[in-house]
Amino acid sequence: MTTPTRKRKLAEEGDAVFDRELDDLPQELRWREWMGRIEAVLFASAAPVGREDLARVVGQGASVEMLIEDIRAELTGRPYELAQVAGGWMFRTRTRFAEAIKVAADLADQSLAFTEMEMGVLCAIAYHQPIDRAGLADIFGKEISRDLLARLRYKDLIASGPRSPRPGAPHTFVTTQTFLVTFDLESLRDLPELELVQHPD
Amino acid sequence: MTYPPATISDDLSTLPQLPAWVTSGRAETVETVAFRSGSALTLLDQLINNERHGVPVKLFANRLALSAATATSKLEGRLAREGDIRDAYHLTPPGEARGPDGDLLAFWRDAVRLRLNTPGEIAALIGPDIAADAAGWLGAGQDRARTHGPLAGCEAVLRAVLGADDRAERVACLLSDVVLARALNWTMVLPVSAQRLTKSVLRDLAAGKQGAGLAVQVRILETVEETIRLARDLARRAEALRAVAPKLRAKGSSAAVELFLTEDAVAPASMLSPRIRGTSIPMTDRAARRLCDRLVELGVARELTGRASFRLYGIGS
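Per chain, residues are indexed from 1 in the order of the written sequence. Each chain is given a letter, starting from A, and each ligand a number, starting from 1, according to the order in which they appear as written. In view of the model being predicted, local features appear only for residues whose pLDDT reaches at least 70, and side-chain atom pairs are presented and counted only at 80 or more, with totals across whole chains, interfaces and linings using the full set of residues. Based on all heavy atoms of the structure, the side-chain values leave hydrogens and waters out of the count.

### What to know about the interface of chain A and chain B
Residue contacts are counted whenever heavy atoms from the two residues lie within 4.5 Å of one another. Every contact between the two is made by 19 residues of chain A and, on the other side, 21 residues of chain B. Between chain A and chain B, a total of about 1500 Å² is buried, with carbon and sulfur atoms accounting for 53% of that surface. One side-chain nitrogen of Lys or Arg within 4 Å of one carboxyl oxygen of Asp or Glu is enough to make a salt bridge. Where chain A touches chain B, the interface holds two salt bridges. Between E169 of chain B and R189 of chain A there is a salt bridge, with the nearest N and O atoms lying 2.6 Å from each other. Note on terms: buried area is the combined drop in 1.4 Å-probe accessible area of two parts once they are placed together, counting the loss on both.

### Topic: the packing of aromatic side chains
Residue and element names in this part refer to chain A. When two rings of Phe, Tyr or Trp (its six-membered ring) have centres within 6.5 Å they constitute a pair, described as stacked for plane angles under 30 degrees, edge-to-face for angles over 60, and tilted for the intermediate range. Counting across every chain of the model gives six aromatic pairs over all chains. Taking 6.2 Å as the distance between ring centres and 65 degrees as the angle between the ring planes, the aromatic pair formed by W31 and W34 counts as edge-to-face. With W31 and W34 both in helix 2 (residues 27-44) and three residues apart, the pair spans about one turn of that helix. For the ring pair F43 and F91, a centre distance of 6.5 Å and an interplane angle of 75 degrees mean the geometry is edge-to-face. Of this pair, F43 sits in helix 2 while F91 sits in strand 2 (residues 88-93); the two residues are 48 residues apart in sequence, bridging distant segments of the chain. In this text, helices come from DSSP runs of H or I with a minimum length of four residues, and strands from runs of E with a minimum of two, each type numbered from the N-terminal end.

### Section: the packing of helix 6 (residues 99-112) of chain B against helix 10 (residues 169-183) of chain B
Residues and elements named next belong to chain B. It is the contact of helix 6 with helix 10, at a shortest axis distance of 11 Å, that shows an interaxial angle of 15 degrees. Considered as vectors, helix 6 and helix 10 are oriented roughly parallel to each other. Pair helix 6 / helix 10 crosses with right-handed handedness. Only R170, C173, L174 and D177 of helix 10 make contact with helix 6, whose side of the interface consists of L104, F107, W108 and A111. Axis geometry follows a simple rule: fit a line to the C-alpha atoms, using only the stretch in contact for helices, then measure angles between N-to-C directions, giving values from 0 to 180 degrees. Oblique is the label for any angle not covered by the other classes, which are roughly parallel (under 35 degrees), roughly antiparallel (over 145) and roughly perpendicular (65 to 115). The sense of a crossing depends on the near helix, which, turned anticlockwise from the far helix by less than a right angle, makes the crossing left-handed and, turned clockwise, makes it right-handed.

### Considering unusual backbone geometry
Residues Q129 of chain A and P130 of chain A are joined by a peptide bond in cis, for which omega reads -5 degrees. With respect to the helices and strands, P130 of chain A occurs in the loop between helix 6 (116-128) and helix 7 (133-140). Backbone torsion omega between S273 of chain B and P274 of chain B reads 0 degrees, so that peptide bond is classified as cis. With respect to the helices and strands, the residue P274 of chain B is situated in the loop between helix 14 (268-272) and helix 15 (285-297). Backbone geometry places N185 of chain B, a non-glycine residue, at a positive phi of 60 degrees.

This is the structure we're talking about:
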């Protein structure tokens, strides 16, 4: 064992024993324990956890990346995933369960960047694009203000689409690439499927 | 009567068609599908490659692109109708976003313009993520096509793409069309794979269900046979248009006729005026509308949308 390691070990013993190395476990169990620790740390944290912090709970020289990969492999098919985000990793529910979470949890008092109406209009455009203001008015039963649409356009979430074949040739609205990125969708197909509700087959 | 209708019916009888003894009965086994696809593909090949038959090939390809867009919209769960897709594409002002429907038609219209011998064009169309694997899938599909016939090649490439990504329907159908075009030495891609495929058929194919491959082949075969009828129909309509072309006295009418022979839908307000698309010949809005009305009057074109404004004209249906 090299000198620096031993020194650190001594220091940890002074901290009332956190066994990073787990030398007494067989290799496979040790690896599992490390995976468990990383998973636990990420689970307990609301914010992304960086590599350095994670490295502190596993053995010297154990690759955090490889441990994360192994955890990820076990998470396939789960409704949450281990996402790499700015500065570290975090648990994140998969996008398609967003609706379920919204229904279960009352998110009303969280400070979202959108008003409910903006969100509603954005959803209507996402599903019904290309759609013009008259079409939106049909959906909501009232005129949608140009200001609201301008705000969405200012955020680069919607853009002008084809002309609607009605008198006056109003332009329609379509969603943008930024819309997909903002809501972490790969394509419009990742929107919760409406047609499954309408035509279950 | 300003033109002899005889030219149209004469033409009909000289255009090759599938004999009834080929199309009677149903394609049910590998052998019958192979037999029928052999005769159908040979005939289609003749129709599009022999100029003597007068099939307006670009118009034909653009029309197939629209059908393919409608079919893939269904496969992708968007369920846009043909008219909506056509509108989204044609009514988008230059520089604005087309939206998903218009983009889908643009994808297929780009597909029929692919130069198959130029490497990189397919990759540019389907995107870098999936392009890395595309060469391998195409290679496997073409090998399969060489040993088992073109439709088996289509089936193989569809299965390979959907096995890797079950949401890549449009790419799968495109690569299948590429395999078909290469097997027949066509210079252009004709989008025939997507037209009759359904989600459930593709799901079965990807899952390796028994008989799914044959079902896919039967559907592509039916499309090819349908496509032959379309080619014959368009050849007849193009012939009728060419016959009345000398009667049109509007300035630039020959360029306009040329446009009708390449585009399945012509918007007078944007494609004929202020300049006829692809040329520098000017035409006023009013002249463009009058020309289109005149073509409808002569019975060689029809209005496609049924609207009073934002009309689109075409010689096919």
